[in-house]
4 protein chains.
Amino acid sequence: MKNTFGNNVSITVFGESHGNSVGVVIDGLPSGVEVSEEFICHQLDLRRPYGKISTPRQETDKFTIQSGVYNGKTTGTPICITIPNENTKSKDYNYGVARPGHADFTGFMKFKGNEDYRGGGHFSGRITAGIVAGGAIAIETLKNKGILIGTHIKKCAGVEDNSFTDYENEIKNLNSKIFAVLNNKKGEEMIKNIENVAKEKDSVGGVLETVVTGIPVGVGEPWFDSLESVISHALFSIPAIKGVEFGCGFECSDMLGSQMNDAFFVDNGVIKTKTNNNGGINGGITNGMPVIFKCAVKPTPTISKEQDTVNFITNENIKTEIHGRHDPCIVHRARVVVDSITAIALCDLLSQKFGTDWLGEK
Amino acid sequence: MKNTFGNNVSITVFGESHGNSVGVVIDGLPSGVEVSEEFICHQLDLRRPYGKISTPRQETDKFTIQSGVYNGKTTGTPICITIPNENTKSKDYNYGVARPGHADFTGFMKFKGNEDYRGGGHFSGRITAGIVAGGAIAIETLKNKGILIGTHIKKCAGVEDNSFTDYENEIKNLNSKIFAVLNNKKGEEMIKNIENVAKEKDSVGGVLETVVTGIPVGVGEPWFDSLESVISHALFSIPAIKGVEFGCGFECSDMLGSQMNDAFFVDNGVIKTKTNNNGGINGGITNGMPVIFKCAVKPTPTISKEQDTVNFITNENIKTEIHGRHDPCIVHRARVVVDSITAIALCDLLSQKFGTDWLGEK
Amino acid sequence: MKNTFGNNVSITVFGESHGNSVGVVIDGLPSGVEVSEEFICHQLDLRRPYGKISTPRQETDKFTIQSGVYNGKTTGTPICITIPNENTKSKDYNYGVARPGHADFTGFMKFKGNEDYRGGGHFSGRITAGIVAGGAIAIETLKNKGILIGTHIKKCAGVEDNSFTDYENEIKNLNSKIFAVLNNKKGEEMIKNIENVAKEKDSVGGVLETVVTGIPVGVGEPWFDSLESVISHALFSIPAIKGVEFGCGFECSDMLGSQMNDAFFVDNGVIKTKTNNNGGINGGITNGMPVIFKCAVKPTPTISKEQDTVNFITNENIKTEIHGRHDPCIVHRARVVVDSITAIALCDLLSQKFGTDWLGEK
Amino acid sequence: MKNTFGNNVSITVFGESHGNSVGVVIDGLPSGVEVSEEFICHQLDLRRPYGKISTPRQETDKFTIQSGVYNGKTTGTPICITIPNENTKSKDYNYGVARPGHADFTGFMKFKGNEDYRGGGHFSGRITAGIVAGGAIAIETLKNKGILIGTHIKKCAGVEDNSFTDYENEIKNLNSKIFAVLNNKKGEEMIKNIENVAKEKDSVGGVLETVVTGIPVGVGEPWFDSLESVISHALFSIPAIKGVEFGCGFECSDMLGSQMNDAFFVDNGVIKTKTNNNGGINGGITNGMPVIFKCAVKPTPTISKEQDTVNFITNENIKTEIHGRHDPCIVHRARVVVDSITAIALCDLLSQKFGTDWLGEK
């Protein structure tokens, strides 16, 4: 399906950048999960633009829970959350100009000129607000089961962050940070570099690294619902993501089998691995180690530098300069989207094995 | 679903390494596509071990089309192909020993000791024979529509292959090569290095690069059925794959927006892009340029070097040396699996937009 | 999936009777279909209570199209429509009292006391407003392709309506009637009988008969996506429906093969059948004749007569009299829900065969 | 999907009447369920023709379990069973002649002349052998959880069978009977009537009634995965079925709410209903009472009487007499198909709520 993902637990997104509202329906979550509007707010805030390195468009992301929550808890029936669009400046956009790196042209070809092109329409990053709102409840559901998700900016604007050393504590810290790095100094360098690039009317990308702790052994299915398959499916839904790798990922192509293989050992009766090059997954199924993956986030395609392109209505070569608001970097904003969609995918796979009822038991 | 993938066109795999047979059901392909048993054989041969750099297990991969083909053409109803297992040496395997990098332990935990563990059982790479047999017909279906798929070994055993320069001709050449490189000399180096690693009882991985030409503009869906989502879902089903990237993938994290963005231009009335850093995809939808992606294939986990591990029945730390047949490299064999599963995923997405009927029209 | 139905074209419903709003997301419809808010209103009006034979709860069913429509046309991206709940009297409902024939008890068991029980919550017939709103656009889509759907009250309160004689004209008439009968006199008798039953604090059910004209030959799939399978799946989603039959349905059990079989003949070059006992479907696939089916609608379970039941919190036998507003008959209101969900199911099956693009071409 | 049904537990069928073999892949069943080849044989025997009232085609239905079973137990991975076609007389069939009531014409239109038309091809009732073979294992899985399924011939050839009085014992008896009636004398009358109809070169249909005991409260989902939706979807896949009703079904249209409503009461601490007009389902969800439904099976369309029809190749009106083997009644054979497909649907819904692991626990 197109805008729906998942089986036992599923998410449906809708909305356009300059339409009435964007939103989400999340279905299949267990009943009885406490829903904190504050936490949803917090998560939406993490997705929102931040300081100089982001677009000046500052929406408050007021949202309405239309259904599925009663007395502060999930009812077990579909949760619809709508987030009205405000502060939309439609005049900034020129129909027919294919912004390079954007979906203007492909959207036009797919929807035959009927697409709501304003502000990127349904292709806008704004749609991810729905994923974040719905994902917040999935994150809470997992937290109740002792499963934590955290993502940091592994690399951005030429600067590398530290590596994880103490997952659980670092995850908790990351989840309160707007610019999620393990090493704050590295974060400041990144921000400085982003600001410099912004002055050049250009943009940068980066790499996000995610870790999931507390996930039971045996989750995921062989072949088409491997943990990697399901999570990558979810991640590549996020428009800016162009690469996904698990464990040591592409590096494995330079390793020997004897280096790549994670040796098992018994630690106080629990089977663990000494290294975690496979990212906590063997044969598509969790092995009890933390699940680790990375995403490549491309530089924001919207830049104010002059670019060559076409007008797809007149079929002419033109030049374009994109004025108006845009982010020189969205890596830090994509972080919470990655956490959210990962939580939803994991809820789905967990309930397949253990059942929806289990997912709701404390 | 677990062992089924796709909606309009779907594939179901079944089988264990040492069971009766492995096989595939491919459903939803249009009627009237010519099915060449010779081509299926050819594809299965590409997947089979090759020379010194592969396992001595040499099965002939005789297959039977059980259904869905009549008078040499697809009927439009499900095609089941079974491939009997022969020459299986069950005595080589010790139940309870968790081979590092393998699914022995996760399979045991998931299936509670009921798994057919012999030779990796349902987790064995042998299951990909079904994908290749079914994929052969999907590849033929696409060929009829002018869509070609080709994959080369971009990197293996420390050697890099050339880059594509002339897609259509290079694809045709690749598809007849057992060891698919663009530069044969580089291929020979790779093989030499693999043989050396094999002598050290070790193994290597690599990177495969795939290109799809002739695909119409507008294929793929925004968000959850983005071309990247659907193809990565399919690719990560292949057990050894630990990373997938589209276009310039992870490199994009070191690029500026002005470098990454692919400028559009009009070429004889057709809209194209000057570069193809986005791999032919904008907003999850094809833009008419070739679709390009890469997969990281991990080194074969089965090595004969001594390794630390556990016996998950006795919960003891042990050492293991895996004797018997195994491949020091499977990158070259994975190539045809990548082509096959990509073809199936594309047939599914194409028929969503254009319909099953269109997919069968010449 | 739970509250989502369909593959290429899909519908997701959400909402509770006394929550914020009920609504729908309909996805996969082609772009460029004209969306008339007036027609959506008209359809919602057909679902709303009517005169003495319905509940005094009179909501205006004001709705908001949140997404997916731009310049009065579908954009091809998901259409979300929300319908706020107004005029809700929560005090009418006693938690713990299992109203016979209702989902109070099963909802409690499924959702473990977290369900929004007010007014039936997510089980309320009010959720069908979303189906009707979304279905209106599917109905318009089909109309553009020459496919018409019409339903009449075949039987209600002991009175039988006429049979169809002139499908296309009768469908047009039915679609403008609030109480959809072919013979108005029969309709008046039904209404009189319903009013009498209402005075007795009781309720009645009935049978709806639906016909679809203009559907091409070859739609539907053998086995699990037979036209009967997909349409019955959709119809049985409507809470009050307890039976579905195609063509002559259960009557076929009293017929001989020679009576049941529909003889084919050539009529001006077009292959038709003389009778239509199979309801336009052979082997799960349309044969070009009108598709015909019937649904049994049970009597409204909410009656004000005293009934025996239990309190599922205290686990005691009790007696209950349900006061407040309720319908002595919902057959006439269910009609437009049947049309709507049928339209959605047909859009899905048609786009599977012909593609989404075709569905949007005029 | 076309020939695949189910999410957590799914079934895929393949094959044509005169192809290599028919078969099934059943996926998602828990590991560790004992698989008795004898029981599969027994179930296949119930589906096979019987005495004078069936076709003289007597295949032994030898089957091969290709995968998914090891040491006599399910492994938890897909189970593929193939059943070779033997004793096929292809010369009996004339391509182009649209047998009334059959899918010859619709199959031709759908598959454009590429269909394997011999013996009905993929539309043949023979495909149900795969459903029965796979269903046998689903039935065993449910039996381990205390859930029993039984079906009797409620009506056939003008004779009505008794009603259920003692579910569990009657189910056990039915499952060992080839002609499944509660009252053997009624069965003999049915058979006599069928034989008489056969002499007239005609055929009869009937009604099957199914009961499921032991199913927990709370199974099924509101709206699109209501128990009725999922089971009717499965049942209408069986080609001859033209009607499905739950509880008192179509009769409800002649009842008052006060008659139809099933009063709850507490029986030794367990909540039950006094009547079961709703067939054990409220709001699409099981209420703990036995689930009861009926199917209308149409008279076998293949009759040897002369019939009017067309040749769809020449587009001419013709007359046809169908010689060769065929059943004057298939109601008794359809019984085990109903049981099988019901078991698969229930396994799917149960594992959604409770998880696959639960389904395998004893």
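Residues numbered from 1 in each chain as written. Chains lettered and ligands numbered in written order. Predicted model: local features only at pLDDT ≥ 70, side-chain atom pairs only at ≥ 80, totals over all residues. Heavy atoms only, no water.

1. Digging into the overall build of chain A
Inclusion rule: In this description a helix means any DSSP run of H or I spanning at least four residues, a strand means any run of E spanning at least two, and both kinds are numbered starting from the N terminus. Atoms considered for the radius of gyration are the C-alpha atoms alone. The globule rule reads 2.2 Å times the number of residues to the power 0.38. A 1.4 Å probe rolled over the protein chains alone gives each residue an accessible area, and that area as a share of the maximum for its type sets the label: buried under 20%, exposed over 50%, partly exposed in between. Contacts: residue pairs with any heavy atoms within 4.5 Å of one another. A 1.4 Å probe and the Shrake-Rupley method give the accessible areas. Residues count as covered only by the protein chains that appear here. A residue counts as positive if it is Lys or Arg and as negative if it is Asp or Glu; His and the chain ends are not included. In plain terms, the charge of a residue is placed at NZ if it is Lys, CZ if Arg, CG if Asp and CD if Glu.
Secondary structure assignment for chain A yields nine helices and 18 strands. Here the C-alpha radius of gyration of chain A, 21 Å, is about what a compact globule of 362 residues would show, namely 21 Å. Along the first, second and third principal axes, the C-alpha set of chain A runs to 65 × 50 × 35 Å. For chain A, with 362 residues in total, the buried portion stands at 71%. Relative to all contacts within chain A whose residues are 6 or more apart in sequence, the contacts with residues 24 or more apart total 71%. Only carbon and sulfur atoms are counted for the fraction: they give 46% of the accessible area of chain A, which is about 10,900 Å². Of the charged side chains in chain A, 37 are positive and 42 negative; the average position of the first set lies 4 Å away from that of the second.

2. With respect to the environment of Gly220(C)
Mapped onto the elements of the fold, Gly220(C) is located in the loop between β10 (206–213) and α6 (227–235). When its relative accessible area of 2% is taken as the criterion, Gly220(C) is described as buried. The spatial distance from the C-alpha of Gly220(C) to the C-alpha of Leu346(C) is 8.8 Å, given a sequence separation of 126 residues. Ignoring anything within four residues of it in the chain, the contact list for Gly220(C) reads Asp225(C), Leu227(C), Gly284(C), Ile285(C), Leu349(C) and Lys110(D).

3. Section: the pattern of salt bridges
The following threshold applies: Put simply, a salt bridge is a Lys or Arg side-chain nitrogen that is within 4 Å of an Asp or Glu carboxyl oxygen.
All told, the structure shown has 64 salt bridges over all chains when counted by the stated rule. Among the salt bridges present, the one from Lys143(C) reaches Glu140(C), with a minimum N-O distance of 3.3 Å. With a gap of three residues between them, Lys143(C) and Glu140(C) both fall in helix α3 (residues 128–144), about one helical turn apart. If you follow the salt bridges from partner to partner, you end up with Lys112(A), Lys353(B) and Asp357(C) in one network.

4. So, the interface of chain C and chain A
The following threshold applies: In this description, buried area is defined as the sum, over both parts, of the accessible area (probe of 1.4 Å) that is lost when the two are combined.
Of the residues lining the interface, 45 residues belong to chain C; the matching set on chain A comes to 45 residues. On the chain C side of the contact with chain A, Met1(C), Tyr70(C) and Asn114(C) bury the most area, a combined 18% of that side's loss. The interface formed by chain C and chain A contains two salt bridges. For the salt bridge of Lys112(A) with Asp357(C), the shortest nitrogen-to-oxygen distance reads 3.5 Å. For the side of chain C that touches chain A, the secondary-structure elements that each account for two or more residues are β2 (10–14), β3 (21–27), β4 (64–65), β6 (73–74), β7 (79–84) and α9 (356–360) of chain C. Looking at the side of chain C that touches chain A element by element, the count peaks at four residues for β2(C).

5. Let's talk about the nonpolar core
The following threshold applies: Nonpolar cores are built from buried Ala, Val, Leu, Ile, Met, Phe, Trp, Tyr and Cys residues. Side-chain atoms within 4.5 Å join them into one set.
Ranked by size, the top nonpolar core spans 160 residues in total, and within it Ile40(C), Ile81(C), Cys156(C), Ile40(D), Ile81(D) and Cys156(D) carry the most contacts. Discounting chain neighbours no more than four positions away, the residues touching Ile40(C) are Val35(C), Phe63(C), Ile65(C), Ile81(C), Ala133(C), Ala136(C) and Ile137(C). Membership of the second largest hydrophobic core comes to 159 residues, among which are Leu227(A), Leu349(A), Leu142(B) and Phe179(B).

6. Quick look at the sheet that holds strand β8 (residues 148–156) of chain B
Note the cut-off: Strands pair, by our definition, only if DSSP identifies at least two bridges between them. Helix axes are fitted to C-alpha atoms over the stretch in contact, other axes to C-alpha atoms as well, and angles between N-to-C directions run from 0 to 180 degrees.
The strand order across the open sheet formed by 10 strands is β9(A)-β8(A)-β10(A)-β16(A)-β11(A)-β11(B)-β16(B)-β10(B)-β8(B)-β9(B), and the pairing between neighbours is antiparallel. The open sheet has two free edges, formed respectively by β9 (159–160) of chain A together with β9 (159–160) of chain B, since each of these has just one partner strand. Across eight bridges, β8(B) lies against strand β10 (residues 206–213) of chain B in antiparallel orientation. Counted as the bridge partner of Ile149(B) is Val212(B) from β10(B). Packing of helix α8 (residues 331–354) of chain B onto the sheet brings it into contact with β8, β10, β11 (241–246) and β16 (291–297) of chain B, and relative to β8(B) it is tilted by some 145°.

7. A look at the sheet that holds strand β4 (residues 64–65) of chain B
All names here are of chain B. Pairing within the open sheet is antiparallel, and its five strands lie in the order β1-β2-β3-β7-β4. Strands at the two margins of the open sheet, each flanked by one partner only, are β1 (4–5) and β4. Alignment of strand β3 (residues 21–27) against strand β7 (residues 79–84), held across six bridges, turns out to be antiparallel. Counterpart to valine 22 in the pairing with β7 is isoleucine 83.

8. A closer look at the packing of helix α1 (residues 37–47) of chain C against α3(C)
Residue and element names in this part refer to chain C. For the record, the criterion: An angle counts as roughly parallel when it lies under 35 degrees, as roughly antiparallel when it exceeds 145, as roughly perpendicular when it falls between 65 and 115, and as oblique in every other case. Two helices crossing with the near one rotated counterclockwise from the far one by less than a right angle form a left-handed crossing, whereas a clockwise rotation gives a right-handed crossing.
Relative to each other, α1 and α3 sit at 130°, their axes nearing to 9 Å. By the angle class used here, α1 and α3 are oblique. Where α1 crosses over α3, the two elements pack in a sense that is right-handed. Across the interface between the two elements, Phe39, Ile40, Gln43, Leu44 and Arg47 from α1 touch Thr128, Ala129, Val132, Ala133, Ala136, Ile137, Ile139, Glu140 and Lys143 from α3.

9. Considerations on the packing of aromatic side chains
Put simply, the rule reads: When two rings of Phe, Tyr or Trp (its six-membered ring) have centres within 6.5 Å they constitute a pair, described as stacked for plane angles under 30 degrees, edge-to-face for angles over 60, and tilted for the intermediate range. Here, a charge over a ring means that NZ of Lys or CZ of Arg falls within 6 Å of the ring centre while also lying within 35 degrees of the ring normal.
Taken as a whole and assessed by the stated rule, the structure comprises 54 aromatic pairs over all chains. Between Tyr117(B) and Tyr70(D), the aromatic rings sit 5.8 Å apart at their centres with planes inclined by 85°, giving edge-to-face as the arrangement. A residue pair is termed interchain when its members come from two chains, as with Tyr117(B) in the loop between α2 (104–111) and α3 (128–144) and Tyr70(D) in strand β5 (residues 69–70). With a relative accessible area of 27%, Tyr117(B) lands in the partly exposed category. For Tyr70(D), a relative accessible area of 14% translates into the label buried. Through successive ring pairs, a cluster of aromatic residues spans Tyr70(A), Tyr95(C), Phe105(C), Phe108(C), Tyr117(C), Phe312(C) and Phe264(D). Sitting over the ring of Trp358(C), Lys145(C) keeps its end group 4.1 Å from the ring centre.

10. Regarding the relation of the copies chain C and chain D
Put simply, the rule reads: To superpose the copies, least squares is applied to the C-alpha atoms of every residue with a pLDDT of at least 70 in both.
Placing chain C over chain D gives an RMSD of 0.0 Å and needs a rotation angle of 180°, together with 0.0 Å of translation along the axis. Seen this way, the second copy is the image of the first under a two-fold rotation axis. Interface residue correspondence from chain C to chain D reaches 99%, placing this contact among same-surface, isologous pairings.

11. Regarding the interface of chain C and chain D
Counting residues at the interface gives 103 residues for chain C, matched by 102 residues for chain D. Here chain C packs against chain D, burying approximately 8,300 Å² in sum over the two surfaces, 62% of which is carbon and sulfur. Three residues stand out in chain C for area buried against chain D, namely Trp223(C), Phe224(C) and Lys242(C), and they jointly supply 13% of the buried area on that side. Applying the counting criterion to the chain C and chain D interface returns eight salt bridges.

By themselves, these are just geometric observations and shouldn't be taken as functional.
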